[in-house]
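# Observations on the three-dimensional arrangement
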Amino acid sequence: MSRPVNLYAAESFSADEADILRRYFTNLDQPVFALVNLPEVVKGALFARYSRSMSSLRRLFLDEFVDDLDITGDITIDATVGLRRAEALYDRVFFEYGDDSVAQLGGVHLACEQASNLLTKVLEWGRLMAYLEQSTRYIAYDQRLGGRYRYYRDAQVLNSSLGTRYVGDIDRMFTTYSELVPVMQDFFRANVPKQEGDSDFAYRQAIKARALDSIRGMLPAASLSNVGIYGTGQSYEALLLRMRAHPLPESRSYAEMMLTELRKVIPSFLKRVDLPDRGELTTRYMAGNRAAMDDLAGRVFGDAVGGPVTDDSVELMDFDPDGETKVITAMLYPHTSLPERTIEARVRSMSAAERVDVVRSYCGERTNRRHRPGRALERVYYRFDVLSDYGAFRDLQRHRMLTIEWQPLSTRHGFVRPEAVGAAGVDEQFDEVMGRSARLYEALSAELPDQAAYAVALAYRVRYSMQMNAREAMHMVELRTTLQGHPAYRRVCQQMHRLIAEEAGHVAVAELMSFVNHEQDLGLGRLDAEKRAEQLRASQSHPSSSL
């Protein structure tokens, strides 16, 4: 039996060098390894120097960085770097290699707790960051925090003439929501009984999710949420500048708290945020542009709101009529040595059957929605104008690989009452909350327009535009039409899929999205997912003895 060829040259280190390296690298003899126990500024500086060096990363670390480290502590835990020393190390690399690329190499996990649902949309704007947000379908908002319902209490609102009314009205919204949580759970238990083989736990979780889904629209946008964020120094800098320029006081307040905490971890990456000729100038530029456009739009359109709204809407505003030809061209391009113009000419002469053959070969055998075709689908785009309840928007807005813009949240477009609410006989309570929300919104709009949206219940509609390529469309509409998804965003994405096929005429592209689900969910859509999760937990608790 022949011995495998070693494709990688192993590095040699002395015993003393190896002793140091083991504290910072996950192995000393493989070409793939991770860096551990190092401050973010050191990792950023190390990678920046690495890009301009012939040395391996471990050798570079030994030759040029280890002398700046304090490794006199307990070698079984980690090494530490004094803040001043770390910043000096970063600055030395910064001046030689530039800052933007280096600031992409250090990341931080940051928790932003007790943020309103308005602020979460500001936090989740950046594409190149990762987010996890507290869910309104798994967490009931009937529980209080510090003895108070969980909603944001803006200082300007509380100190205004409407402060007492604001607290009283939103407390009543939460009280009605809390009263309906057990009512809706009883309703779903009675109408979707537990089946043989369903575990008590999975069934209870599915019932809870369906009940909370049905009444989450009663919660105001002031409702609090927790958001976990992971991002690079560069991403955080961009986020903080946007937040500082935002008209919502809560956004500016959180920006300062975030900056304070981030500077404990990556201080050097955020030096420009406070500089008068950099961060402060950019913040003024962004705020000035927003104010100028608000003023201009007001002069052009006044308070025009269009015709009466009776339903959600999804409108395909723009697409490439020649998109499928371009997509098929892009599918073939990397597999030839021909110019793109030559390939496109051949595609145009293809029969329908030949085109389908290309598409099917490119797509392959997709056995689940996570099997996604390549970047050829990025050759064609779609732009949608959507009017849906704010709850659905909150979920769809998290898809970052698209261009999304939204209008201010208000009560002018009406609200969506889920069918289950009427079927359970609690439509009057639901509508009473909507009326209270609208009246409080109108009162706040006159005095504190930037904070008025806090009063708007999530069931009210908001208008937003979404532009995406076909690859992102495939990901979004397949994910957001699964039976366990919320009915509100399922309807939006089902309509997007129909428009791609029927109005754009991109039948082949639509057929690639084979995991789009157009069924109407009449049961507990979340139950199957809960069963799978329970099975996974059981398998992890009782690993097979044969392994």
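Below: a short report on this structure. (Residues numbered from 1 in each chain as written. Predicted model: local features only at pLDDT ≥ 70, side-chain atom pairs only at ≥ 80, totals over all residues. Heavy atoms only, no water.)

A separate point is the overall build of the protein. Counting its regular elements, the protein contains 22 helices and 7 strands. In the protein, which comprises 547 residues, the proportion classed as buried is 47%. Intrachain contacts of the protein at a sequence separation of at least 6 include 76% that bridge at least 24 residues. With the model as given, the accessible surface of the protein reaches about 27,900 Å², and the carbon-plus-sulfur share is 51%. (Helix = DSSP H or I, 4+ residues; strand = E, 2+ residues; numbered from the N terminus. Buried < 20%, exposed > 50% of the residue type's maximum accessible area, 1.4 Å probe, protein only. Contact = heavy atoms within 4.5 Å. Areas by Shrake-Rupley, 256 points an atom, 1.4 Å probe, with all protein chains shown as cover.)

Hydrogen bonds along the backbone pair up the strands of a sheet, which may run parallel or antiparallel. Taking strand neighbours across the sheet as the criterion, the 3 strands line up as S1-S3-S2 in an open arrangement whose pairing is antiparallel. A strand with exactly one partner marks an edge of an open sheet, and here the two such strands are strand S1 (107–116) and strand S2 (129–133). The sheet shows a mean angle of 20° between the axes of neighbouring strands, direction not considered. Where S1 meets strand S3 (residues 224–232), 8 bridges bridge the pair, whose relative direction is antiparallel. Following the sheet pairing, Ala111 is matched in S3 by Gly228. Taken strand by strand, helix H10 (residues 233–245) contacts S1, S2 and S3, and its axis lies near 135° from that of S3. (Pairing = 2+ DSSP bridges. Axes fitted to C-alpha atoms, helices over the stretch in contact; angles between N-to-C directions.)

The next thing to look at is helix H12 (residues 279–301). Along an α-helix, a turn takes 3.6 residues, which lines up residues three or four apart on a common side. For H12, which comprises 23 residues, the first-to-last C-alpha distance of 33 Å matches the rise-based estimate of 33 Å (1.5 Å per residue) to within 8%. Looking one or two residues beyond H12, the residue adopting positive phi is Gly302, at roughly 65°. (Expected span 1.5 Å × (residues − 1).)

Counting through the fold element by element, Asn517 comes out in the loop between helix H21 (507–512) and helix H22 (527–541). A relative accessible area of 17% means that Asn517 is categorised as buried. Excluding residues within four positions of it along the chain, Asn517 makes contact with Thr481, Leu483, Arg490 and Gln494.

Just distances and angles here, no functional claims.
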